[in-house]
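# Summary of structural features
Listed below are the residues making up each chain.
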Amino acid sequence: MTLFNKNSSLYQSVYPEHLAKTWSERLQAYYYLCRFDKPIGTELVLWPTLIALWMAAQGMPDWRILVPMLLGVLFMRAAGCAINDFADRKVDGHVTRTKTRPLATGVIRPIEALWVFFGLIIASASLLLFLPLSTFFWSFGALVLAFIYPFMKRYTHLPQVFLGAAFSWAIPMAYSAVGKTPDLTCWLLYFANLAWTVAYDTQYAMTDREDDLKIGVKSTAILFGRYDVATIFALQIVSVGLWCVAFYRENMLFGAAGLALLAVLADFIYQTYRIRHREPQQTFWAFRHNRWIGLMLWAAMAVYFASFKLV
C-alpha cells in the first residue's frame, strides 16, 4: 500500500475491523487526521500571523522569530484538526464531506487522535523555548481555545466565533514574539481577523448545513438562517473597516495596503455573488478562496516595508 494514497483500500473501508494494522497505514491515517493534505486551514492561520509579525517588526522579523512562529502555525493547526476529529468522531460518519475521515471510518482509535494532539502540543510548546517568555504566557490562550473550540458546536450556535478567536490568537503572540506589547493596532488586526474568520467559516458551515441539521450540530450558518449571506457580507465589511483603521494608524493606508484592501473588498463582493443561491459547491469554493485574502494583505504589507527601507 502506498503511503498517503487516499484512494487506497484503507480509505475505502468504513468498518472498525479495518483498523490500521501497520505503521504505514497508521502514519497515513495520522497524515489525514492532521489535514496535511488540505493546507487551506494552515494558510488561513499563516497569513494573519505573518501580517502581525511584519506589522510588529516593521518589516521582515528576525528568522529566529519567524521560523518558530511558522512551525507553531503548522503544529497548532494540525493539533486543532486532531482534537476536532476526536470531538466529532461520532457525527463525522453522518456528514457526506467528512465520512471518510480516519476516526469516522474506524481506521484509528480515538485514543490515537488524543496522542497525536498532545504530541503536537508538546512540539509547539518546545518552540516557545526560542521565543520571549511573554510569548509562553500568551500561548495558554491558544491552547485553551484550540481545545474547547471543537466541543462548542454541541452547546452553542457560535462555534465559528470560538474558531475566530483561536485562529486570531497568533496575532498578539506575534507581537509578543517580536518583543512588543500588543497595542491598539494589534487588537484591530485581531478583531478584523476574528470577523473575517466567522465569515469564511460560516461559508464552510453552509456547505454542511443540511447534514448538521439532521444530526443536531450547531453553527452560525444555522443561526443566521435566511440572513446568512447578508450577515457574512456584513462581517466582511467589518473586517475591511478594522483593517483600514489599523493600516491608517500605521500610515500605511494610502499605498499598497490601501490598494490591497480595495482588492479584498472587490473579492468579498464577488464571494457574495457566488454564494447568493447557497449552493454547497459555491459556499465551499468561497471558503477556500479566502486564502487569497490573507495573501493579498500580507504581500501588500511586505511590499510597503521593503520599499520603505529602500528609500
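Residues numbered from 1 in each chain as written. Predicted model: local features only at pLDDT ≥ 70, side-chain atom pairs only at ≥ 80, totals over all residues. Heavy atoms only, no water.

### Let's talk about the packing of aromatic side chains
In the structure shown here, the tally under the stated rule is 22 aromatic pairs. Taking 5.3 Å as the distance between ring centres and 70° as the angle between the ring planes, the aromatic pair formed by tryptophan 187 and tyrosine 190 counts as edge-to-face. You can see tryptophan 187 and its partner tyrosine 190 sitting in helix H10 (residues 184-207), three residues apart, about one turn around the helix. Residue classification places tyrosine 190 among the buried residues on the basis of a relative accessible area of 6%. With 5.8 Å between their ring centres and 65° between their planes, tryptophan 196 and tryptophan 243 make a pair best called edge-to-face. One end of the pair, tryptophan 196, is in helix H10; the other, tryptophan 243, is in helix H13 (residues 228-249), and 47 residues separate them in sequence. Note on accessibility: tryptophan 196 and tryptophan 243 belong to one class, buried. (Phe/Tyr/Trp six-rings, centres within 6.5 Å; stacked < 30°, edge-to-face > 60°. Helix = DSSP H or I, 4+ residues; strand = E, 2+ residues; numbered from the N terminus. Buried < 20%, exposed > 50% of the residue type's maximum accessible area, 1.4 Å probe, protein only.)

### Looking at empty space enclosed by the protein
Considering all chains together, one arrives at one cavity of 30 Å³ or more under this definition. In this structure, the largest cavity spans a volume of roughly 40 Å³. Lining the largest cavity we find Pro48, Ile51, Ile171, Leu189, Asn193 and Trp243. (1 Å grid on protein atoms, 1.4 Å probe; cavity = no way out; pocket = protein on both sides within 12 Å on 5 of 7 lines; lining within 4 Å. Points joined across faces, edges and corners; volume = space filled by probe spheres on them.)

### Focus on H10
For H10, which comprises 24 residues, the first-to-last C-alpha distance of 35 Å matches the rise-based estimate of 34 Å (1.5 Å per residue) to within 8%. Extensive coverage of H10 is indicated by the burial of 20 of its 24 residues. Of the residues that open H10, the one with a side-chain oxygen 3.2 Å from the backbone nitrogen of threonine 185 is aspartate 183. (Expected span 1.5 Å × (residues − 1). Polar contact = N/O pair within 3.5 Å; in protein donor to acceptor, adjacent residues only side chain to side chain.)

### As for the pattern of salt bridges
In the structure shown here, the tally under the stated rule is 10 salt bridges. Here aspartate 228 ties to arginine 209 by a salt bridge, and the two come within 2.8 Å at their closest N and O atoms. Of the two residues, aspartate 228 is situated in helix H13 and arginine 209 in helix H11 (residues 209-215); the sequence distance between them amounts to 19 residues. Judged by its relative accessible area of 13%, arginine 209 falls in the buried class. Each of Arg35, Asp85 and Arg101 takes part in salt bridges that share partners, so that together they form one network. (Salt bridge = Lys/Arg side-chain N within 4 Å of Asp/Glu carboxyl O.)

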